[in-house]
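# Coordinate analysis (summary)
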Amino acid sequence: MAAKRTSAKAVSELVDTLGDRLGRELSTQSVLFHQAIAERLGLKGTDHKYLDVIQRAAEAGPVTPGDLVQLTGLTSGGVTGVLDRLEAAGFVRRVKHPSDRRQLVIEPVPERYAELGALFARFRERWTALCSRYSLAELRLICDFFEQAIALMAEEIARMQRPGGPEAAPASAAPAVGAPTAKGTRARPRRTS
């Protein structure tokens with residue numbers, strides 16, 4: 001019985017360490033890392049993360065500003081501001097929609113994305129070296145943890161963005177837009193005509 005209590009206490013302490021110390025610190029370092037990347041590119045703090053949203057969505061088809069509103073939770077004015085900054089920096093261009101000339105489509109500019117990728121090259125090398133310290137089974141466990149954490153965060157974002165805020169009813173069982181699905185792909189944005 002005492003061993004069960006000790007084990008439960010150890011698990012509880014590790015969960016607290018993961019959430020209260022390590023999770024917060026990883027989140028903070030991630031924000032600071034992306035801020036440094038954005039500054040190197042001449043962008044505002046989170047603008048280059050919106051590039052990632054645009055690029056992933058564009059892999060599945062044309063992306064409109066309305067799609068970005070749905071994908072990011074920003075207002076239409078907020079999306080316009082982000083797109084203005086990204087276009088001024090040469091990362092995206094607005095072009096006519098291929099099938100609906102009344103709409104605009106956001107196209108990534110591949111050359112500028114290559115520049116962004118180059119900034120991550122050293123990090124990728126070091127990430128690979130870090131991952132090589134773990135066995136295949138451990139890496140699968142780590143991947144599962146990250147996938148579950150991402151899904152949980154996507155649900156919390158959706159909950160906070162709903163009318164009524166954080167106290168609103170829980171999110172549906174459907175995956176949030178951009179959240180990983182069972183096959184590891186990302187949910188497509190809902191299109192509105």
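This structure is a prediction, so every number in the text was calculated from the model and none was measured.

Conventions adopted
- Chains are numbered independently. Their residues run from 1 in the order of the written sequence.
- Local features in a predicted model are, by the rule used here, given only for residues with pLDDT of at least 70; side-chain atom pairs are given and counted only at 80 or more, and totals for whole chains, interfaces and linings are based on all residues.
- With hydrogens and water stripped out, all remaining heavy atoms of the structure feed into the side-chain values.
- Under the DSSP-based scheme used, a helix requires at least four consecutive residues in state H or I and a strand at least two consecutive residues in state E, with every element numbered from the N terminus.
- For every residue, the accessible area (1.4 Å probe, protein chains only) is compared with the maximum for its type, and the residue is labelled buried under 20%, exposed over 50%, or partly exposed between those bounds.
- Pairs of residues are marked as contacts when any of their non-hydrogen atoms sit within 4.5 Å.
- The Shrake-Rupley method, run with a 1.4 Å probe, gives the accessible areas here. Residue values count only the displayed protein chains as cover.
- To estimate the expected span of a helix, subtract one from its residue number and multiply by 1.5 Å.
- Definition of nonpolar core: a set of buried residues of the types Ala, Val, Leu, Ile, Met, Phe, Trp, Tyr and Cys, connected through side-chain atoms within 4.5 Å.
- The pLDDT value tells you how sure the predictor is about a given residue, anywhere from 0 up to 100.
- Salt-bridge detection follows one rule: a side-chain nitrogen of Lys or Arg within 4 Å of a carboxyl oxygen of Asp or Glu.
- Within 6.5 Å between ring centres, the rings of Phe, Tyr and Trp (the latter by its six-membered ring) count as paired, and their orientation is classed by plane angle as stacked under 30 degrees, edge-to-face over 60, tilted in between.
- Two conditions define a charge located above a ring, namely a distance within 6 Å from the ring centre to NZ of Lys or CZ of Arg, and an angle within 35 degrees of the ring normal.

## What about the overall build of the protein?
Secondary structure summary: the protein contains seven helices and two strands in total. The secondary structure elements of the protein, listed N-terminal to C-terminal, are α-α-α-α-β-β-α-α-α. Put simply, the protein has 193 residues, and 22% of those count as buried. Once local pairs closer than 6 in sequence are excluded, the contacts in the protein between residues at least 24 apart make up 43%. On the protein, roughly 13400 Å² of surface is accessible, and the fraction owed to carbon and sulfur atoms is 59%.

## Some details on helix α4 (residues 76-88)
Across its 13 residues, α4 extends 18 Å between first and last C-alpha, which sits within 8% of the 18 Å expected from 1.5 Å per residue. All of the buried residues along α4 are Val79, Gly81, Val82, Leu83 and Leu86. Check the buried side of α4 and you find it contacts α2 (47-58), α3 (65-72), β1 (92-96) and β2 (104-108). In the segment just after α4, Gly90 is the residue with positive phi, at about 85°.

## Describing the side chain of Asp47
Here Asp47 is to be found in helix α2. For Asp47, a relative accessible area of 1% translates into the label buried. If we ignore the near neighbours within four places in the chain, the residues touching Asp47 are Val82, Arg85 and Leu86.

## Re the nonpolar core
Counting 22 residues, the largest nonpolar core has Leu43, Leu51, Ile54, Leu68, Leu83, Leu86 and Val92 as the members making the most contacts within it. Listing elements by their share of this core, those giving two or more residues are α1 (2-41), α2, α3, α4 and α5 (110-119). Apart from the residues lying within four places of it in its own chain, the contact partners of Leu51 are Leu43, Leu86, Phe91, Val92, Tyr113 and Leu116.

## What to know about the confidence of the model for the protein
Looking at the protein as a whole, its pLDDT mean stands at 83, while 83% of the residues score no less than 70. Taking the mean pLDDT of every element in the protein, the minimum, 85, falls on α5 and the maximum, 95, on helix α6 (residues 121-131). Contacts from residues 171-177, a stretch scored under 50 in pLDDT, to residues over four places away or in other chains number eleven contacts. Predicted confidence is poor over residues 179-193, with pLDDT under 50, and the contacts of this stretch with residues over four places away or in other chains come to 34 contacts.

## Considering the pattern of salt bridges
The final tally for this structure, using the stated rule, is nine salt bridges. Here Lys9 makes a salt bridge to Glu13, at a shortest N to O gap of 3.8 Å. With Lys9 and Glu13 both in helix α1 and four residues apart, this pair spans about one turn of that helix. According to the relative accessible area criterion, Lys9 is exposed, its value standing at 53%.

## Points about the packing of aromatic side chains
One pass over the full model with this rule turns up four aromatic pairs. On the basis of an interplanar angle of 75° and a centroid distance of 6.3 Å, the ring pair of Phe145 and Phe146 is categorised as edge-to-face. Ring-pair connections join several aromatic residues into one group, and the members of that group are Phe33, Phe120, Phe123 and Trp127. Above the face of the Phe91 ring, Arg112 is positioned so that its terminal group lies 4.1 Å from the ring centre.

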